Every structure is written in C-alpha cells, then in structure tokens.
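Residue strings, one per chain:
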Amino acid sequence: MVRGHGHGSTSKPRDDKTRDVLAVTLYFVSGVLAGRFIGSPLRVSGWMNRWVVSIALPALILAKLPALALGSDAVVPVVSAWFTISVAVAVVLVVSRRRGWPSEVTGALLMVVPLGNTAFLGLPVVTAILGHDHVPAALAFDQMGTFLALATYGSFVAGRFGAGERGMRPVARRLVTFPPFIALVVSMLLRLATVPELLHRVLAGTGRSVAPVAIVSLGLRFVPRLRFRRGHIVLFGLVVKMLLLPAVVFAAAMLLGDPTGPSWQSSVLQSAMPPMVTAGIIGISAGFDEELTTTLVAVGTVAALVILPVVSLMAG
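Bear in mind the structure is a predicted one, so any value in this text is a computation, not a measurement. (Residues numbered from 1 in each chain as written. Predicted model: local features only at pLDDT ≥ 70, side-chain atom pairs only at ≥ 80, totals over all residues. Heavy atoms only, no water.)

Description of the overall build of the protein
- In terms of regular secondary structure, the protein is built from 14 helices and zero strands.
- Written out in order from the N terminus, the α and β elements of the protein read α-α-α-α-α-α-α-α-α-α-α-α-α-α.
- Among the 316 residues that make up the protein, the fraction classed as buried is 54%.
- The contacts in the protein between residues at least 6 apart in sequence include a share of 86% that link residues at least 24 apart.
- By element, 68% of the accessible surface of the protein is carried by carbon and sulfur atoms, the whole surface being about 14,100 Å². (Helix = DSSP H or I, 4+ residues; strand = E, 2+ residues; numbered from the N terminus. Buried < 20%, exposed > 50% of the residue type's maximum accessible area, 1.4 Å probe, protein only. Contact = heavy atoms within 4.5 Å. Areas by Shrake-Rupley, 256 points an atom, 1.4 Å probe, with all protein chains shown as cover.)

What follows is the structure, encoded as structure tokens:
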C-alpha cells in the first residue's frame, strides 16, 4: 500500500508512541514559555515559519512522495480523506459566505479545518487506541490523503486567499513559486528516477524538523486572549473538523461498508484529528488571520484529549 521511508515501522514500542503524543503538547508549551522570555518572539517565529515553508516541508515532500504507492486496500482511507476535505471546504465556503467573513478568516478556515494532524498525532493515536493492524490504513489516509492535500490543495489555498493581488495571474504566480508546490512537481519527476540514498537521508532528516519547529513556532505566537466575538468561529471550525467529519465517515461506513473493518475504523479516527500544525504555519505565512489560526490549532490539540477517546468508541 505505502512504500518508502514514510513514518517509520509499525513495530515501534507503545511507550514511544505515547511519547510522540505527549511531545505535541510539550513542544507547544515550550514555545509559549519561550515567547514570554525572549525579546522578539514574533521575529523568531517568522524565521521558524520560513524554515518550515521554504526548506523543511519541501524536503519532506521530496523524501516521501516519490516513494508512495497506492494499492486496492488503500481505497477506503484515501477516498475518506479526500471526501472529508471536500465536505469541510464546502461547509466553510457556504457558512463563510453567509456570515460575510473576510478573506483572511475564510482562508484560515479553509487551511486548517479540512487538514488534520494525521501524522504526528494521528498515527500514534491510531496505534495506541486501535492497534498495529490499523496502521497501514492510517498511513494511507495520512500520506495519500492529508499529506498530498497539503502539498496540492494547501498550495492553492495559500495562493488564492493569501495576501497579495487578486486575479488568476497573481494567484497562479504565487502558486508556481510556492516552495511546497515546486517540491510537489519535482517529486513527481523523481518517481521516474532513483533517488540516491544519501540525498534521501538528507531530505528525510531535514523533513523531520517540520513538526517540532512548526509547533514551537505556533507556541511563540500564541496569546490566549481570543476576542469573545470571534469564539464562535473557533467553535464552528473545531465542530466541523473534529465532530462533523468523523460522523460523515462513520455514516458512509454504515451505508457502504463494514464499520468494524480496520480501514473504516482508522478513517473515522483519522478524520477526527485536530487541525494540522503545518497547515497553520502555511496559513500564517500566507497572511491569513494569525490569531484565529493559532487558536484553532492550539485549542483543537487540547480538545483532542477529550474528543478522540469519544470518537474512538464510534470507530471501535
């Protein structure tokens, strides 16, 4: 189903998986605390964001996408991933238009509501709650769903709704000069060649810095004072991301397949993951509403401690 170096072996000890989950919180808290003591947290965060968007994420794309293969047993999780992304986009666009939200708010929601933290948080959670036999489906959901969408859909949203001129030509220019999109195109060409092992190691090693650097950067920017009149937007985004989407996948499982099968169970739980940290960083770099983006990611990650065990009852 998925070949290459991906996310690592499925035989990783459960203690290590638990440590991965705790690391999400620890990185974020470290960033929040560091932001209280260093002189220019926003400047430091800006440097970190540029590293993630311009270097680390493109390296991760180049390390992973050329090695991905899709098998028949990946159909359910991959289709589930892209279907939930489509549902989230449709809901956000309809509600945003009716509410008259500005483009920086709509862009922030379009970036972080459809894309969940299905790798750094999702894979350890699926392993811990559902077991190792569910990992292949969870990997397919992440790599051929969320991760590929980050490189394609995420690049488009950053270009279409990001700061700058409007119109097809400026949007196209921002898209084709966006480092993750360039890396996506190059990765497609690399599928026709063999990547030297040393180069792959360098790319993979650089790519591994995406999650910790992105989470610390968001922590540096996080100020827990979201204006009350904006709270309903955060609530809307998280309800769609963490409750509506897994409910949609579960309903599809009831209608089309076996809800107790590993592919469907993994897909339900993966679809409930909180907003993706890297998507948030891309959104902030594109000029989307920073306060809203940071709060959605931070609150969603905390809410996951309660929501994911509840969703797992439905998945299980």
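Next, the rest of the story.
As for the packing of helix α3 (residues 75–99) against helix α12 (residues 262–271)
- α12 packs onto α3 with a crossing angle of 30° between their chain directions and a minimal axis gap of 9 Å. Regarding the angle of α3 to α12, the classification is roughly parallel. Every pair of crossing elements has a handedness; the one defined by α3 and α12 is right-handed. Along the contact surface, α3 presents V76, P77, S80 and T84, while α12 presents S263, W264, S267 and S271.
- Residues belonging to the contact of α3 with α12 are distributed by class as follows: three nonpolar, five polar and no charged. (Axes fitted to C-alpha atoms, helices over the stretch in contact; angles between N-to-C directions. Parallel < 35°, antiparallel > 145°, perpendicular 65-115°, else oblique. Left-handed = near helix turned anticlockwise from the far one by under 90°. Nonpolar A, V, L, I, M, F, W, Y, C, P; charged D, E, K, R; others polar.)

Focus: the side chain of T106
- Here T106 shows up in helix α4 (residues 103–112).
- Not counting the four nearest positions on each side in its chain, T106 is found in contact with V92, L93, S96, W101 and F161.

Regarding the pattern of salt bridges
- Overall, the coordinates contain one salt bridge when judged by the stated rule.
- The partner of R201 in a salt bridge is E197, and the shortest N-O contact between them spans 3.5 Å. In this pair, R201 and E197 are both assigned in helix α9 (residues 197–207), four residues apart and thus about one turn of the helix distant.
- On the basis of relative accessibility, which here comes to 42%, the residue E197 falls in the partly exposed class. (Salt bridge = Lys/Arg side-chain N within 4 Å of Asp/Glu carboxyl O.)

Looking at the confidence of the model for the protein
- On average, the protein scores 81 in pLDDT, and the residues at 70 or more come to 83%.
- Contacts of residues 1–17 to residues separated by more than four positions or lying in other chains number 39 contacts, the stretch itself having pLDDT below 50. (pLDDT = per-residue confidence, 0-100.)

Some points on a nonpolar patch on the surface
- Where nonpolar side chains cluster on the molecular surface, the patch consists of V302, L305, V306 and V310 and spans about 410 Å² of accessible area.
- Within the secondary structure, V310 sits in helix α14 (residues 290–315). (Patch = residues over 30% accessible without salt bridge, like charges linked within 9 Å, V, L, I, M, F, W, Y side chains within 5 Å.)

Observations concerning the nonpolar core
- Counting residues in hydrophobic clusters, the biggest one holds 92 residues, and the most contacted among them are L109, M111, L115, L269, I282 and L292.
- Leave out the neighbours within four places in its chain, and L292 touches V105, A108, L109, R230, I233 and V234. (Core = buried A, V, L, I, M, F, W, Y, C linked by side-chain atoms within 4.5 Å.)

A closer look at α12
- Of all the ten residues making up α12, nine are buried; the element is thus mostly covered by neighbouring parts of the structure.
- Looking only at α12, the buried set comprises S263, W264, Q265, S266, S267, V268, L269, Q270 and S271.

Examining the packing of helix α2 (residues 41–64) against helix α8 (residues 179–190)
- In contact at an axis separation of 9 Å, α2 and α8 are set at 25° when each is read in the N-to-C sense. Comparing the axis directions of α2 and α8 gives the class roughly parallel. Regarding α2 and α8, the two cross each other, and that crossing is right-handed. Residues V53, S54, L57, P58, I61 and L62 of α2 form the contact with α8, whose own contacting residues are P179, P180, A183, L184, V186, S187 and L190.
- A breakdown of the residues in the contact of α2 with α8 according to their chemical character gives eleven nonpolar, two polar and no charged.

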